[in-house]
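So the chains spell out like this:
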Amino acid sequence: MATDPIITVSGNLVAAPELRFTAAGTPVANFTVASTPRYFDRQSNDWKDGEALFMRCNAWRMLAEHLAESLDRGSRVLVTGRLKQRNYETRDGEQRSIVELDVDDIGPSMMFATAKVTRVYNNPANGASNTASGGDDPWAAAEPREPALAGAGATDEEPPF
């Protein structure tokens, strides 16, 4: 829906994402991101931690499977998604409300870490996925190609940057 508030949260995973499957077999990963703002206190001439935000997040389908395989407790992440409010009733009959982030995208933060990306190619016909041929090389082609202009110095040996 166009009116859903879209936000980005930067923080650390409190625990490893919990991957589950609905009754229909749809994967869903639940996790919490802790985001603590820091500010400089001029009186003490020191950095201080602000009030922590613990944002409960839900990711669905292939995104859920990919993040459960890739991220772990303590990973610094950037999460983008839509805020959703959900109402529920406790076992004692009390009405409760919770705000969660329905995740559109998530990735590791490059501020204090490095990451190696492995491209996953999906085959929508049978629902299968596989990685790029060549294993660890994301630039590997499925099969060798001839240069567009033979003898003109055009090669596919290097990445395009």
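Residues numbered from 1 in each chain as written. Predicted model: local features only at pLDDT ≥ 70, side-chain atom pairs only at ≥ 80, totals over all residues. Heavy atoms only, no water.

Trainee: I keep staring at the pattern of salt bridges and nothing clicks. Help me out?
Mentor: Considering all chains together, one arrives at six salt bridges under this definition. For Arg 38, the salt bridge is made with Asp 49, and the minimal N-O distance between the two is 3.5 Å. Taken together, the residues span a long stretch of sequence, with Arg 38 in strand 4 (residues 38–41) and Asp 49 in strand 5 (residues 46–49) at a distance of eleven residues. Each member of the pair, Arg 38 as well as Asp 49, is classed as exposed. Close ionic contact of Arg 96 with Glu 94 constitutes a salt bridge, the shortest N to O distance being 3.0 Å. Where salt bridges share partners, they join Arg 82, Asp 102 and Asp 104 into one cluster. (Salt bridge = Lys/Arg side-chain N within 4 Å of Asp/Glu carboxyl O. Helix = DSSP H or I, 4+ residues; strand = E, 2+ residues; numbered from the N terminus. Buried < 20%, exposed > 50% of the residue type's maximum accessible area, 1.4 Å probe, protein only.)

Trainee: Before we go on, may I ask you to explain the pairing of strand 8 (residues 95–108) in this structure?
Mentor: Both faces of the sheet carry side chains from a regular strand, because those side chains alternate between them. Both strand 6 (residues 53–60) and strand 8 contribute to a ladder of two bridges, which runs parallel. Following the sheet pairing, Asn 58 is matched in strand 8 by Asp 102. Note: strand 7 (residues 76–89) against strand 8, 13 bridges, orientation antiparallel. Pairing of Arg 86 across the sheet is with Ile 98, part of strand 8. Turn length for the strand 7-strand 8 hairpin, with the two strands adjacent in sequence and antiparallel, is five residues, and the turn residue Gly 93 shows positive phi of about 90 degrees. (Pairing = 2+ DSSP bridges.)

Trainee: What is the right way to read the nonpolar core from this model?
Mentor: Side chains of a nonpolar character, in soluble globular proteins, are inclined to be buried together. Within the largest apolar cluster, 16 residues are counted, with the highest numbers of intra-cluster contacts made by Phe 31, Val 33, Cys 57, Val 79 and Ile 106. Every element with two or more residues in this core is listed here: strand 1 (6–13), strand 3 (27–35), strand 6, helix 1 (61–70), strand 7 and strand 8. (Core = buried A, V, L, I, M, F, W, Y, C linked by side-chain atoms within 4.5 Å.)

Trainee: Could you clarify how one ought to interpret the pairing of strand 2 (residues 18–21) in this entry?
Mentor: Where strand 2 and strand 3 come together, four bridges link them in antiparallel fashion. Among the inter-strand pairings, Arg 20 is bridged to a residue of strand 3, identified as Val 28. Between strand 2 and strand 3, which pair antiparallel and follow one another directly, the connecting turn spans five residues, one of which, Gly 25, has a positive phi of 90 degrees.

Trainee: Got a minute to help me understand the side chain of Glu 100 in this structure?
Mentor: Relative to the assigned elements, Glu 100 resides in strand 8. Looking at Glu 100, its side chain comes within polar contact range of the side chain of Asn 58, at 3.2 Å. If sequence neighbours within four positions are ignored, Glu 100 has contacts with Met 55, Arg 56, Asn 58, Arg 82, Leu 83, Lys 84 and Arg 86. (Polar contact = N/O pair within 3.5 Å; in protein donor to acceptor, adjacent residues only side chain to side chain. Contact = heavy atoms within 4.5 Å.)

Trainee: What's the story with the side chain of Ser 35 in this structure? I'm lost.
Mentor: Tracing the backbone shows Ser 35 in strand 3. With a relative accessible area of 18%, Ser 35 lands in the buried category. Engagement of the side chain of Ser 35 in a polar contact is seen with the backbone oxygen of Ser 10, the distance being 2.8 Å. Discounting residues that sit within four places of it in the chain, Ser 35 has contacts with Val 9, Ser 10, Gly 11, Glu 51, Ala 52 and Leu 53.

Trainee: Help me understand the environment of Thr 26, please; the structure alone is not making it clear to me.
Mentor: Within the fold, Thr 26 resides in the loop between strand 2 and strand 3. For Thr 26 and Met 62, which are 36 residues apart along the polypeptide, the C-alpha to C-alpha distance reads 9.2 Å. Once you skip the residues sitting within four places of it in the chain, Thr 26 turns out to touch Arg 20, Phe 21, Trp 60 and Arg 61.

Trainee: Could you clarify how one ought to interpret the environment of Arg 76 in this entry?
Mentor: Locating Arg 76 in the fold gives a position in strand 7. What makes Arg 76 partly exposed here is its relative accessible area of 34%. C-alpha of Arg 76 to C-alpha of Met 111: the two residues are 35 residues apart in sequence and 8.5 Å apart in space. Side-chain polar atoms of Arg 76 contact the side chain of Ser 10, separated by 3.3 Å.

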